[in-house]
Each structure stands twice: as C-alpha cells, then as structure tokens.
Amino acid sequence: MSWGTELWDQFDNLEKHTQWGIDVLEKYIKFVKERTEIELSYAKQLRNLSKKYQPKKNSKEEEEYRYTSTRAFLATLNEMNDYAGQHEVISENMTSLITGELTRYVQELKQERKSHFHDGRKAQQHIETCWKQLEASKRRFERDCKEADRAQQYFEKMDADINVTKADVEKARQQAQLRHQMAEDSKAEYSSTLQKFNSEQHEHYYTHIPNIFQKIQEMEERRIVRIGESMKTFAEVDRQVIPIIGKCLDEITKAAESVDHKNDSQMVIEAFKSGFEPPGDIEFEDFTQPMKRTVSESSLSNSRGDGKSEPKFGGKSKGKLWPFIKKNKGAGPEDFSNLPPEQRRKKLQQKVDELNRDIQKELDQRDALTKMKDVYIKNPQMGDAASVDHRLSELAQNIEKLRLEVQKFEGWLAEVEGRLPARNEQPRRQSGMYEPQNPSAVNSCAQDRESSPDGSYTEEQSQETEMKVPATDFDDEFDDEEPLPTIGTCKALYTFEGQNEGTISVAEGEMLYVIEEDKGDGWTRIRRNEDEEGYVPTSYVEVYLDKNAKGAMTYI
C-alpha cells in the first residue's frame, strides 16, 4: 500500500488532503486551548467560591466554626480550594504537553509538506519539459519528411520534363538529396529524444514520484499518529489528577463523617449557659388566715422582718424573670460584668489565657535578646551589647504590665467562680413578681448592672421572657394593704429606666420617698405614690434620711 504506486496520478488531490490534515490538527489545538481556558476559569471560580465562604478573621463568624458541622464545612471549603488547584494543573499540563508541542509540530509539518510538494512540482515540470522537447522533435521530423517528399516529387518532375535543362535537373536532385538528409537527421533526433523521454518518463512515474509521494504518505501518517498520541495525553492529563481529586473528595467525606450532633449540642450549652438556677416553686399564700406573706429568698431585697407584708409592684403589669434581660448592644465593661456568671467566667478565662500567651511571647523575646547580648559581650566585634538594653527594658515593662493584667483578671475570675451556684444548691426564685429579691443573693448582678452617672445603662440583658399575670378581683382586695413607712426622701440625680421587675423608673431632679435604704447591694427602695414603688441604683439618687431614722446620711 503505497501512495507512490496507487496514487501516482493524484498529485493535486494529495495536496488538498494533506492541507486538510493540517487544518484538522490546528482545529484540535484550538479545541485543547479552549479546554485549558475553561479549566482555568473553573478553577478561578472555585477558588473565589471557597474564599467567599471562608470565615473572616477576628469576627463573630470565625467563632461559629468551633462546631463540628461548621468545621466540616470549613474543611470542605479548603478541599475545594485544593480541588481547584488540580484543575489548574490540568490546564498547565495540557498547555505544555499538547498545545505547545502540537503548535511547534504544525509549523514543522507545514515546512516539510511545502518541501515535498515543491519537489513534486519540480519533477512534473521536468517531465513536461521533456514531453515538449519530444513533441518539438516529432514535429520537426514530420516537417522534414514532408519537405523531403516535396523535393523528391519536384526532382522527378524536373527529370521527366525534356524542356528543363540538365543544370536545373541537377539542382533539383541535390535539393531532394538535401531534404532527404535533413529528414534522416530529424528522424535520428526524434528517435533519440523519444528514447530519452521514455527513460525520463519511466524514471518519473516509477522512481521520482513514488519517492516523493512516499515521503508525503509518511508525513501524513506521522501527523495521524501524533494527533492520536495527543488525544491519549489529553486523557492521561485528566487521569493523573484523579487520585488527588479523589483524595480531596475523601477528605470532604471524612469531614462530613466527623460531624457530631451530640458534641455540637454540648457546645451550645457551653456557649450560652448563664449559670443561673431556674426559678423555684412559688409558695402557696393562704389569704384566708391572718398571716404575713412569705418572702422568697430570691427576691430583689431582704425582708424588713417587721411583720409587715411587702406591697405588690405592678400587680397588673407583666413580670420578667431576672436572668432573662435584654442585651445591651454597646461595648461591655472590662470585667465582663454585663454577662451572666457562666459566660463571664468563660470570657475571663479566655482573657487570662490570652494574656498568659502574650507574656510567654514577651518572655521568649527577652530570652532571645539576653542570649544575643551575651554573644555581643563575649564577641564585641559582632555587635554592641548596649544596643539591646533599651529593648530589654521595654520587654520588662511589658511583662510587668501583662502580669498585673493577669492578676486583675484572675481576681475577677476567682470572684465569679466563687459566686457560681453549685449543682446541688436549692433553686432560687428569680422573679420579683410577688416578693422582692434578696439584695445579698443578687449582689453581683445588681452591682454589675448599676448604671454609670453619665446616664448610660450598661445592664447586660439576655433574651427576654415575659410572664403575664391576670388581674383578678381577689388581688384587688389587698390593694389597700398598709405600705412600708417612709424613712426619708431622695432626689434623682440622673434619669433611670427601670426595665426589670422590682425596679422603678425615675426622672432627673424628681423628688421621691425612701422606704428602704441601701443594704450594701447598690440598690435603694423608693416610693413615688401609694401604687408606685421599687428599686433604683443608689448612685442615681441623693438620699436624705429623717434625723430620727439612723441620722442624716447622703449617698451620691
């Protein structure tokens, strides 16, 4: 099967076919190039997608990634980033192994094809020249033969004519001989040219053209093999990254299997546990017998113990459980006193750990500089030992400041850990609906919630729970109970919004009656009229006690 023997007369068709083969190769190169662009675009989109959903550093969103489900999602994002990298590898390998190589090969192929067909055209031109020479020799031989026949006929005519002189006959005879000689020479030339042409033609169709066409065939077959190998490489480039992509998918599956719903539920408890005990049972108050009401030990203030029952605050208003108070969106105090006990303890512990890490960093720097100073002392040519003294002094000051901060936060931590109720403690009533809370029992909450003189309310309030109490005629029968006696007056220094049950709102400059002084918890019990009384922060009022009531004392 050879193009030289089978397609000896198809020079033009072979030229068109080989050009079509090069076009196919260039089309395949373009296809692979567009595939690499798609892979790069896909990888870029995957990276952007992974980056878009990555948690922002030092943000609340980053804290949410401590749960197993969100950690699994984060692992998925990281693996998708690696997954995108493999598509970049596909693009790079296809560019270098296929498009780059084939582009160079196409240029070489075009040059080789041009050379082969140039040789073919040259061979064709040569055989055409030989054919033209043969035709010219043939026509000349034909012409000379006709001229010789006409000269012979003219001689015979002259020889037969008696009126023609002998000289004319001789001249005609010589002319006929000359023409015959020319015809013989033309015949010999034509014969020689014919033999030469036949030889050239045989060599052309059996040697030159087969050799040229064989080279063209080999060139075309190499092109076909090359495009086949490129297609195989195309598949191999994808196959090479499959194990890594599979590993990425395995890691995503592993992350998904690590999701632990029980662990996440426990973390929710640790994140939001307040440390308060649930409200206790409300004791039954028997109003059919003349007995004083019981006072819950979780009320806002201590019972006066004088046998007089505590008045009801806002008997027809909504009650709110003490622990469930609104959160202030502003910046909290340094000691996290705006948080519930359990959350405050965690924040303080985190702060202590952070400060200890900072101290360790400073200590490491100090040790490194100390070693450097020792080296400088032993080898003065390496540096000036005095140059590090200033930095050592700064590190010592920083370490001392950090240690003082640690002591401060550890003191607050010890304080809050001492206040957290044990598991076996009797649950206390947290609502001030019927009885005020004991100030000493909620001293930490009351003092920490106390507003600053500038009027900003720093009370940390968590989710609000309201308890509706229906007003009944039975309750109205005791609206006329004897109120507590006043022990002095007070003037509101600042406006206070009493948002919790047991507190009362006051306006700046307002004069009110004092019915119970501060017992050390930072709260004073006041009355506006017979129906309105409650607690306000002691620092918000200026108290004037009656002279006969423990002397005149002023709280500012």
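From a predicted model like this one, the values you see are computed outputs, not experimental measurements. (Residues numbered from 1 in each chain as written. Predicted model: local features only at pLDDT ≥ 70, side-chain atom pairs only at ≥ 80, totals over all residues. Heavy atoms only, no water.)

### What about the overall build of the protein?
- Looking only at helices and strands, the protein has ten helices and seven strands in total.
- Burial status across the protein gives 35% buried among its 556 residues.
- Expressed as a percentage of contacts within the protein between residues at least 6 apart in sequence, the contacts between residues at least 24 apart total 76%.
- Surface accessibility of the protein: about 34200 Å² in total, with carbon and sulfur atoms responsible for 51%. (Helix = DSSP H or I, 4+ residues; strand = E, 2+ residues; numbered from the N terminus. Buried < 20%, exposed > 50% of the residue type's maximum accessible area, 1.4 Å probe, protein only. Contact = heavy atoms within 4.5 Å. Areas by Shrake-Rupley, 256 points an atom, 1.4 Å probe, with all protein chains shown as cover.)

### Description of the pattern of salt bridges
- A full pass over the atoms with the stated rule returns 24 salt bridges.
- As a salt-bridge pair, Arg-525 and Glu-533 come within 3.4 Å of each other at their nearest N and O atoms.
- Judged by its relative accessible area of 6%, Glu-533 is buried. (Salt bridge = Lys/Arg side-chain N within 4 Å of Asp/Glu carboxyl O.)

### So, the environment of Ser-258
- In this fold, Ser-258 is placed in the loop between helix 5 (166-257) and helix 6 (261-272).
- The sequence separation of Ser-258 and Ser-69 amounts to 189 residues, and the corresponding C-alpha distance is 8.0 Å.
- Here the side chain of Ser-258 touches Ala-255 through a polar contact of 2.5 Å, landing on its backbone oxygen. (Polar contact = N/O pair within 3.5 Å; in protein donor to acceptor, adjacent residues only side chain to side chain.)

### A look at the nonpolar core
- Leu-25, Tyr-28, Met-94, Ile-98, Phe-213 and Ile-216 are the most contacted members of the largest nonpolar core, which has 31 residues in total.
- Elements with a minimum of two residues in this core: helix 2 (11-52), helix 4 (68-160) and helix 5.
- Broken down by element, the residue count for this core peaks at eleven residues, all from helix 4.
- In terms of nonpolar packing, the next biggest core, distinct from the first, is built from 16 residues, Ile-487, Val-514, Trp-523 and Tyr-540 among them. (Core = buried A, V, L, I, M, F, W, Y, C linked by side-chain atoms within 4.5 Å.)

### A look at the pairing of strand 7 (residues 541-545)
- Burial analysis of strand 7 places four of its five residues in the buried class, which makes it a mostly covered element.
- Of the pairings in the sheet, the one linking strand 3 (residues 488-492) to strand 7 comprises five bridges and is antiparallel in character. Among the inter-strand pairings, Ala-492 is bridged to a residue of strand 7, identified as Val-541. (Pairing = 2+ DSSP bridges.)

### Re the side chain of Thr-68
- Relative to the assigned elements, Thr-68 resides in helix 4.
- Residue classification places Thr-68 among the buried residues on the basis of a relative accessible area of 5%.

### Observations regarding the sheet that holds strand 7
- Pairing within the open sheet is antiparallel, and its five strands lie in the order 6-5-4-3-7. Every interior strand has two partners, whereas the edge strands, strand 6 (533-537) and strand 7, have only one. With strand direction ignored, the average angle separating the axes of adjacent strands in the sheet is 40°. (Axes fitted to C-alpha atoms, helices over the stretch in contact; angles between N-to-C directions.)

### Side note on the confidence of the model for the protein
- Taken residue by residue, the protein gives an average pLDDT of 78. The fraction at 70 or more is 78%.
- Taken element by element, the predicted model of the protein shows its lowest mean pLDDT in strand 2 (residues 466-467) (36) and its highest in helix 2 (94).
- For residues 291-329, every residue scores under 50 in pLDDT, and the model assigns this stretch 134 contacts once sequence neighbours within four places are set aside. (pLDDT = per-residue confidence, 0-100.)

### Side note on the environment of Gln-152
- Within the element layout of this structure, Gln-152 appears in helix 4.
- In sequence terms Gln-152 and Gln-177 are 25 residues apart; their C-alpha atoms lie 7.9 Å from each other.
- Beyond its immediate sequence surroundings of up to four residues, Gln-152 is in contact with Ala-176 and His-180.
- At a separation of 3.1 Å, a polar atom in the side chain of Gln-152 contacts the side chain of His-180.

### Description of helix 6
- Between its first and last C-alpha atoms helix 6 spans 17 Å; for twelve residues at 1.5 Å apiece the expected length is 16 Å, and the two agree.
- Asp-264, Met-267 and Ala-271 are the residues of helix 6 that are buried. Along helix 6, the residues classed as buried sweep out an arc of 55° about the axis, all on the same side.
- In this structure, the buried side of helix 6 is in contact with helix 4 and helix 7 (341-378).
- Looking at where helix 6 begins, the residue whose side-chain oxygen comes 3.1 Å from the main-chain nitrogen of Lys-262 is Asp-260. (Expected span 1.5 Å × (residues − 1). Arc of directions from axis to C-beta.)

### Observations concerning the packing of helix 4 against helix 5
- Two numbers describe how helix 4 lies on helix 5: the axes approach to 7 Å, and their chain directions differ by 175°. As the angle between them shows, helix 4 and helix 5 are arranged roughly antiparallel.
- A breakdown of the residues in the contact of helix 4 with helix 5 according to their chemical character gives 46 nonpolar, 19 polar and 23 charged. (Parallel < 35°, antiparallel > 145°, perpendicular 65-115°, else oblique. Nonpolar A, V, L, I, M, F, W, Y, C, P; charged D, E, K, R; others polar.)

### Quick look at helix 5
- The end-to-end C-alpha separation of helix 5 is 132 Å, in line with the 136 Å expected for 92 residues at 1.5 Å each.
- Bending of helix 5 peaks at approximately 45° at the position of His-204. (Bend = angle between axes of the 7 residues up to and from the residue.)

### Thoughts on the packing of aromatic side chains
- This model, assessed by the stated rule, comprises twelve aromatic pairs.
- Where Tyr-53 meets Phe-73, the ring centres are 6.4 Å apart and the plane angle is 70°; that geometry is what we call edge-to-face. Residue Tyr-53 is located in the loop between helix 2 and helix 3 (60-63), and its partner Phe-73 is located in helix 4; the two are separated by 20 residues in the primary sequence.
- Judged by its relative accessible area of 40%, Tyr-53 is partly exposed.
- Judged by centre distance (5.6 Å) and plane angle (75°), the rings of Phe-496 and Tyr-540 are edge-to-face. Of this pair, Phe-496 sits in the loop between strand 3 and strand 4 (511-516) while Tyr-540 sits in the loop between strand 6 and strand 7, and the two are 44 residues apart along the sequence.
- Assessed through its relative accessible area of 1%, Phe-496 is described here as buried.
- Grouping aromatic residues by their ring pairs yields a cluster made of Tyr-494, Phe-496, Trp-523 and Tyr-540. (Phe/Tyr/Trp six-rings, centres within 6.5 Å; stacked < 30°, edge-to-face > 60°.)

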